Amino acid sequence: MPRQKKRIPRPTFRRKCHNCGKMATNPVVHHVVPSIPYGDPLPVYSKSAPKTKRVDLKGEMKIIARNFCDRECMAEGKSKLGV
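Computed from a predicted model, the values in this text were never measured in an experiment.

Q: Help me out: how do you make sense of the overall build of the chain in this one?
A: Within the chain one finds one helix and four strands. Mapped in sequence order, the helices and strands of the chain form the string β-β-β-β-α. Over its C-alpha atoms the chain spans a radius of gyration of 19 Å, topping by over 25% the 12 Å that the globule rule assigns to 83 residues. Each principal axis of the C-alpha atoms in the chain carries an extent, and together these give about 60 × 40 × 20 Å. Every one of the 83 residues in the chain was classed for burial, and the buried ones make up 16%. Taking the contacts inside the chain whose residues are at least 6 apart along the sequence as the reference set, 69% of them involve residues at least 24 apart. Summing over all exposed atoms, the chain offers an accessible surface of approximately 8,000 Å²; the carbon and sulfur share of this is 56%. In the chain, the 19 positive side-chain charges and the 6 negative ones have mean positions that sit 14 Å from each other.

Below you can see the structure in the form of structure tokens.
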């Protein structure tokens, strides 16, 4: 019989809901990513280039990440923001 591998305990990440303010351990994340203006060249992808997280982008390419506790809360929050 095969042996069972023990799971490594992972830390639980808690994020505050953008709409109601409750703390969620498994939040629904909504990312607002700006588009590239028409006519501007697309950034060239290179597999070996150093990777940057979308949250760490600066200037016009910066994204907005919002955490919500569940889908109903996300629908309410998006309607308040006008998105």
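Q: Explain a nonpolar patch on the surface to me, please; I cannot follow it from the model alone.
A: A contiguous nonpolar patch, built from Ile36, Leu42 and Met61 and spanning about 270 Å² of accessible area, is present on the exposed surface. Inspection of the secondary structure puts Met61 in the loop between strand S3 (28-32) and strand S4 (64-68). Assessed through its relative accessible area of 36%, Met61 is described here as partly exposed.

Q: Please clarify how the environment of Met74 should be interpreted in this entry.
A: On the secondary structure map, Met74 appears in helix H1 (residues 71-81). Looking at Met74, the relative accessible area reads 11%, which means it is buried. Sequence spacing of Met74 and Tyr45 is 29 residues, and the spatial spacing of their C-alpha atoms is 32 Å. Discounting chain neighbours no more than four positions away, the residues touching Met74 are Val28, His30 and Phe68.

Q: Quick question: what am I supposed to make of H1 here?
A: Because each turn of an α-helix spans 3.6 residues, side chains separated by three or four positions end up pointing in the same direction. Restricting attention to buried positions, one finds in H1 the residues Cys73, Met74 and Gly77. For H1, the arc enclosing every buried residue in end-on projection is 100 degrees, short of the 170-degree limit, so these residues lie on one face. Facing away from the buried surface of H1 by more than 90 degrees, the exposed residues are Arg71, Glu72 and Ser79. Those residues of H1 that are buried are in contact with S3 and S4.

Q: Would you mind going over the nonpolar core with me for this structure?
A: Generally speaking, a soluble globular protein has its nonpolar side chains buried in company with each other. Listed in full, the seven residues of the largest apolar core are Cys17, Ala24, Val28, Phe68, Cys69, Cys73 and Met74. Ignoring anything within four residues of it in the chain, the contact list for Phe68 reads Cys17, His18, Asn19, Pro27, Val28, His30, Cys73, Met74 and Gly77.

Q: Just to check I follow, could you spell out the state of the cysteines for this structure?
A: Here is the idea: a disulfide is a covalent bond, and it sits between the sulfur atoms of two cysteines. Taken as a whole and judged by the stated rule, the model has zero disulfides. The thiol of Cys17 is not disulfide-bonded; the next cysteine sulfur, from Cys73, is found 3.4 Å away. Residue class for Cys17 comes out buried when judged on its relative accessible area of 4%. With relative accessibility at 6%, the residue Cys73 sits in the buried group.

Basis of the calculations
- Residues numbered from 1 in each chain as written.
- Predicted model: local features only at pLDDT ≥ 70, side-chain atom pairs only at ≥ 80, totals over all residues.
- Heavy atoms only, no water.
- Helix = DSSP H or I, 4+ residues; strand = E, 2+ residues; numbered from the N terminus.
- Rg over C-alpha atoms; globule rule 2.2 N^0.38 Å.
- Buried < 20%, exposed > 50% of the residue type's maximum accessible area, 1.4 Å probe, protein only.
- Contact = heavy atoms within 4.5 Å.
- Areas by Shrake-Rupley, 256 points an atom, 1.4 Å probe, with all protein chains shown as cover.
- Lys, Arg positive; Asp, Glu negative; His and termini not counted.
- Charge placed at Lys NZ, Arg CZ, Asp CG, Glu CD.
- Patch = residues over 30% accessible without salt bridge, like charges linked within 9 Å, V, L, I, M, F, W, Y side chains within 5 Å.
- Salt bridge = Lys/Arg side-chain N within 4 Å of Asp/Glu carboxyl O.
- Arc of directions from axis to C-beta.
- Core = buried A, V, L, I, M, F, W, Y, C linked by side-chain atoms within 4.5 Å.
- Disulfide = S-S within 2.5 Å.

Purely geometric numbers; function is a separate question.
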